[in-house]
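Examining the three-dimensional arrangement
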Amino acid sequence: MGIRFNEVSHKYSSFSNVNTSAIYQVSLAIDAKDEFIALVGHTGSGKTTLAKHMNALIFPTAGNVEIFGKTITKKRNKDIKYNEIRQKVGLVFQFPEYQLFEETVLKDVMFGPLNFHIDKKEAERLAIDAIKLVGLDESYLNRNPYNLSGGEKKRASIAGILAMDPEILVLDEPTSGLDPAGKRVLMELFLDIYKTTNKTIIIITHDMDLVYEYFSRVVVMNEGKLVYDGTPEKLFKEHDLSKNHLDYPNTVKVLSHLNKTLNLNLNIYQKTAIDAIKEIEKAGKL
Ligand SMILES: Nc1ncnc2c1ncn2[C@@H]1O[C@H](COP(=O)(O)OP(=O)(O)OP(=O)(O)O)[C@@H](O)[C@H]1O
Ligand SMILES: [Mg+2]
């Protein structure tokens, strides 16, 4: 069942240019299980707007979004339990400050489960598990989220959504602002959740290296329109990314530079730095 966008447009009422939609006639199908999707696009291309439709945080101004069989349109429908949708599709905000508001990390992460009528003891257990899962130790439980570093806030906000055990997880730039090791730890965590639970996970990112290494499906937004939905490899091979204001992964950039300057014939489509090194070794150039 999952999520299906049917020609969805969204025009913010405060949008300065009346003719511009933040997203325009987007159609997209996402299964409830077994999808690990990267959502990319330049700044302002509509990624966050798209993500906010995935759990009915905002409504389309044209078209509709089907979420687990409920059709979300322009109008609020009193027969739809929006709260239930938001438990099924967990959205981690781009800016963790919007999500953290309790006075301790533990209370913050417990908020979701309590809100969905889980008893206090169980909510606490779920919260502690989720906090550990994102790599924060017990010393963080009673800290004020307001005083955490940017990366720690990000982890706490991710724990808050994990604790609700959603069926689909949507993460808006979860790795931005983290150091390289922290990025990898989180990506491995998401991959692990995906592999062990088969939950669908959608990750918004600007990092094309991560996209190539970790994802088999990538959705590209450009100026509010969905312009690509397929494998990263096909995107890099067949599309001119500069038209979408996107960059190629470092492996592709370095290997194609070597091909050009040293007149080599390396296969430039390597997912990781290690793969790229092996390709150069194979050609007897290392
Ligand atoms: N609440 C709002 N009111 C008015 N305009 C908005 C609002 N939120 C976003 N916009 C506009 O809608 C467009 C799409 O914004 P959105 O946040 O979806 O982009 P994005 O792809 O997530 O960008 P980024 O990579 O910078 O996070 C932008 O032009 C933005 O200025
Ligand atoms: Mg955004």
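Residues numbered from 1 in each chain as written. Chains lettered and ligands numbered in written order. Predicted model: local features only at pLDDT ≥ 70, side-chain atom pairs only at ≥ 80, totals over all residues. Heavy atoms only, no water.

Points about the environment of L100
Applicable threshold: The secondary structure listing takes helices from DSSP runs of H or I that are at least 4 residues long and strands from runs of E that are at least 2 residues long, numbered from the N terminus. Throughout, a residue-residue contact means that at least one pair of heavy atoms, one from each residue, lies within 4.5 Å.
Within the fold, L100 resides in the loop between β6 (89-92) and α3 (105-115). Once residues lying within four places of it in the same chain are set aside, the contact partners of L100 are D108, P145, K153, A156 and S157.

Details of the pairing of strand β7 (residues 168-172)
In summary, the side chains of a regular strand alternate between the two faces of the sheet. Note the following rule: Each residue gets one of three labels from its accessible area relative to the maximum for its type: buried under 20%, exposed over 50%, partly exposed in between, using a 1.4 Å probe on protein chains only. What makes two strands pair is DSSP finding at least two bridges between them.
Of all five residues in β7, five are buried, a share of seventy percent or more. Here β7 shows a buried face lined by I168, V170 and D172 and a second buried face lined by L169 and L171. Pairing between β6 and β7: four bridges, direction parallel. Residue pairing across strands places V92 opposite L171, the latter belonging to β7. Pairing of β7 with strand β8 (residues 200-204) involves five bridges; the strand directions are parallel. Among the inter-strand pairings, V170 is bridged to a residue of β8, identified as I202.

Structural notes on the side chain of T200
Selection rule: Think of a polar contact as two N or O atoms within 3.5 Å of one another; within protein, one of them needs to be a possible hydrogen donor and the other a possible acceptor, and neighboring residues in sequence only count if both atoms come from side chains.
For T200, the location among the structural elements is in strand β8. Within polar-contact distance, the side chain of T200 engages the backbone nitrogen of K33 at 3.3 Å. Engagement of the side chain of T200 in a polar contact is seen with the backbone nitrogen of E35, the distance being 3.2 Å. Apart from residues lying up to four places away in sequence, T200 is in contact with I30, D31, A32, K33, D34, E35, E167, I168 and L169.

Things to note about the packing of aromatic side chains
Aromatic ring pairs are described here by two measures, namely the spacing of the ring centres and the angle between the planes. Our working rule: When two rings of Phe, Tyr or Trp (its six-membered ring) have centres within 6.5 Å they constitute a pair, described as stacked for plane angles under 30 degrees, edge-to-face for angles over 60, and tilted for the intermediate range. Definition used: whenever NZ (Lys) or CZ (Arg) falls within 6 Å of the ring centre and also within 35 degrees of the ring normal, the charge is taken to sit over that ring.
According to the stated counting rule, one finds seven aromatic pairs in the structure shown. Judged by centre distance (4.7 Å) and plane angle (15 degrees), the ring pair of F36 and F215 falls under stacked. Taken together, the positions of F36 in strand β3 (residues 36-41) and F215 in the loop between α7 (208-214) and β9 (217-222) put the pair 179 residues apart, joining distant regions of the chain. Ring geometry for F95 against Y98: centres 5.8 Å apart, planes inclined by 65 degrees, an arrangement best described as edge-to-face. What makes F95 partly exposed here is its relative accessible area of 43%. By way of ring pairs, the aromatic residues F36, Y194 and F215 are connected into one cluster. Here K88 stacks its cationic end above the ring of F68, 5.2 Å away from the centre of that ring. Taking NZ or CZ as reference, K237 lies 5.2 Å from the ring centre of Y269, over its face.

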